[in-house]
Amino acid sequence: MPNLNRRDFVTSTAFAAALGFTGKLAVSPAFALQDVPDPKPGFHKYKVGSVEVTALYDGIWRKPHDPGFIRNASVDETKAELEKAHQITEFMPIPLTVVVLKINGEHILVDSGSGAGQWQPTAGHIAGYMQAAGIDPKSIKKILISHFHPDHIFGLLEKGTNKPTFPDAELIVTSAEYKWWTEEGRIEKLPEARKGLGQRIHASFPNWKNFRLIDGEKEVAPGVRLINTPGHTPGHASFVVSSGNKTLMVSNDVAYVPALLAPHPEWQGTYDQDGPLAVTTRRKLLDQVIADKMMICGAHFPFPGTGQFVKDGDHYAFTTVSA
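No experiment lies behind these values; they were computed from the predicted model shown.

## Quick look at the pattern of salt bridges
With the rule as written, the count across this model stands at nine salt bridges. Linking aspartate 287 and lysine 311 is a salt bridge whose minimum nitrogen-to-oxygen distance equals 3.6 Å. Here the residue aspartate 287 occupies a position in helix H9 (residues 275–291), and lysine 311 occupies one in strand S14 (residues 306–312), the gap between them amounting to 24 residues. Since its relative accessible area comes to 30%, lysine 311 is described here as partly exposed. Via salt bridges that share partners, Glu183, Arg186 and Lys189 belong to a single interconnected network.

Next comes the structure, spelled out in structure tokens:
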């Protein structure tokens, strides 16, 4: 693949066709610049070999610009990168996409979304779009968890009660992530803004009836391998889906806003618990994706959340699939 300047408007029908999409690849999402409307119909299906992937749009965080959002970049710098990527600059657009893998007839959920009314008022659409996509929530018997941030786990719990929304599902998470959040005294050590999250984790997950903790890097479903990608959180996990000669990296929050972190992988987000480690992990993962010619999806990539990275000198360029 030729080296791409990150300021170019990149399109590729060939890669889109390989993903099973009819649209073109582009660095800009198919959204109006005045706003970021919800995509219709809110789900998109594509194949990775014999694996059917359903991308479900959970919603968006129209995050006000904050000088602390990227520790080593200014608001003006982040706005400039959004503009280069043809994205809205009035706020920081952070969409959320969750994927369901259908493998040998079994539906496997990767993270759970934010839960209706539990993260942002403009998010929490998973249940409706899952139904529209023809997926019965009761058919989900396994949920792979990347990390314990609200937009990734609150969909597991009913608002106000902490009652499980998938009570029969097996949850799979790294031991490092689980133990860090649930260790004795953790709540008191958390920043004030995170104490509520810590309390909810302590109240819910130690009592979950079907929990599997993973040490190391292992196959967690047929053709799905958990890989350790720490930095964003201590036990953050990504998942490599392989079928035939096709591979998809489900990267979750390793490169969460490509418009910023493709051209600037060295930028550290305020939600990266270990910023330098997050940068090291990000470069390692993206270099692997490029070397192995993988597709990649991320929780906060422009919907439907799937695309491709290429090298741009010491940085990267990202192309996303228009829904």
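Don't stop here, the text continues.
## Some remarks on the pairing of S14
With six of its seven residues buried, S14 lies for the most part within the structure. In this structure, strand S13 (residues 295–298) lies alongside S14, joined through two bridges in antiparallel fashion. The residue bridging cysteine 297 from the neighbouring strand is threonine 306, located in S14.

## Some details on the packing of aromatic side chains
Within the structure shown, the criterion is met by twelve aromatic pairs. Members of the aromatic cluster, joined through ring pairs, are Phe148, Tyr178, Phe205, Trp208 and Phe211. The ring of tryptophan 180 has arginine 186 sitting right over it, with the charged end atom 3.7 Å from the ring centre. Here arginine 200 stacks its cationic end above the ring of phenylalanine 154, 4.4 Å away from the centre of that ring.

## Considering H9
The terminal C-alpha atoms of H9 lie 24 Å apart, and with 17 residues this matches the ideal 24 Å at 1.5 Å per residue to within 8%. Those residues of H9 lying buried are Gly275, Ala278, Val279, Thr281, Arg282, Leu285, Leu286 and Val289. One face of H9 carries all of its buried residues, which in axial projection span an arc of 165 degrees. Exposed positions of H9 whose direction lies more than 90 degrees from the buried face are Pro276, Thr280, Lys284 and Ala291. Residue aspartate 274 occupies the N-cap position of H9, its side-chain oxygen lying 3.1 Å from the main-chain nitrogen of leucine 277.

## Some remarks on the pairing of strand S5 (residues 106–110)
Burial of S5 is extensive: four of the five residues sit out of reach of the surface. Here strand S4 (residues 92–103) runs beside S5; their pairing, made up of five bridges, is antiparallel. In the strand pairing of S5, leucine 101 is matched with isoleucine 108. Counted between consecutive antiparallel strands, the loop separating S4 from S5 contains two residues, among which asparagine 104 sits at a positive phi close to 55 degrees. By the bridge criterion, four bridges tie S5 to strand S6 (residues 140–144) in an arrangement that is parallel. Among the inter-strand pairings, valine 110 is bridged to a residue of S6, identified as leucine 144.

## Overview of the sheet that holds S4
Spatial strand order, S2-S3-S4-S5-S6-S7-S8: seven strands in an open sheet with mixed pairing. The outermost strands of the open sheet, each flanked by one partner alone, are strand S2 (43–48) and strand S8 (211–214). Averaged over all neighbouring strand pairs, the angle between strand axes comes to 25 degrees, with direction disregarded. Two elements, strand S7 (residues 170–174) and S8, share four bridges in a ladder whose sense is parallel. Bridge assignment links valine 173 to a residue of S8, and that residue is leucine 213. Where helix H5 (residues 175–182) meets the sheet, it contacts S7 and S8, and its direction lies at approximately 90 degrees from that of S7.

## As for the nonpolar core
Core analysis: the largest hydrophobic core is formed by 35 residues, its most contacted members being Leu109, Ile143, Phe148, Ile153, Leu156 and Phe205. At the level of secondary structure, the elements contributing two or more residues to this core comprise strand S3 (51–63), S4, helix H3 (126–132), S6, S7, H5 and helix H7 (192–204). Take this core: its biggest share by element is four residues, from S3. Ignoring any residue separated from it by four or fewer positions in sequence, one finds isoleucine 153 in contact with Ser112, Gly113, Ile145, His147, Phe148, Leu197, Ile201 and Phe205. With 23 residues, the next largest nonpolar core counts Ile108, Val241, Leu248 and Met295 among its residues.

## Some words on the environment of serine 204
Mapped onto the fold, serine 204 is located in helix H7. The contacts of serine 204, once residues within four sequence positions are left out, are Leu157 and Asn162. There is a polar contact of 2.9 Å between the side chain of serine 204 and the backbone oxygen of arginine 200.

Conventions and cut-offs
Residues numbered from 1 in each chain as written. Predicted model: local features only at pLDDT ≥ 70, side-chain atom pairs only at ≥ 80, totals over all residues. Heavy atoms only, no water. Salt bridge = Lys/Arg side-chain N within 4 Å of Asp/Glu carboxyl O. Helix = DSSP H or I, 4+ residues; strand = E, 2+ residues; numbered from the N terminus. Buried < 20%, exposed > 50% of the residue type's maximum accessible area, 1.4 Å probe, protein only. Pairing = 2+ DSSP bridges. Phe/Tyr/Trp six-rings, centres within 6.5 Å; stacked < 30°, edge-to-face > 60°. Lys NZ or Arg CZ within 6 Å of the ring centre and 35° of its normal. Expected span 1.5 Å × (residues − 1). Arc of directions from axis to C-beta. Polar contact = N/O pair within 3.5 Å; in protein donor to acceptor, adjacent residues only side chain to side chain. Axes fitted to C-alpha atoms, helices over the stretch in contact; angles between N-to-C directions. Contact = heavy atoms within 4.5 Å. Core = buried A, V, L, I, M, F, W, Y, C linked by side-chain atoms within 4.5 Å.

Treat this as a map of the structure, not an account of what it does.
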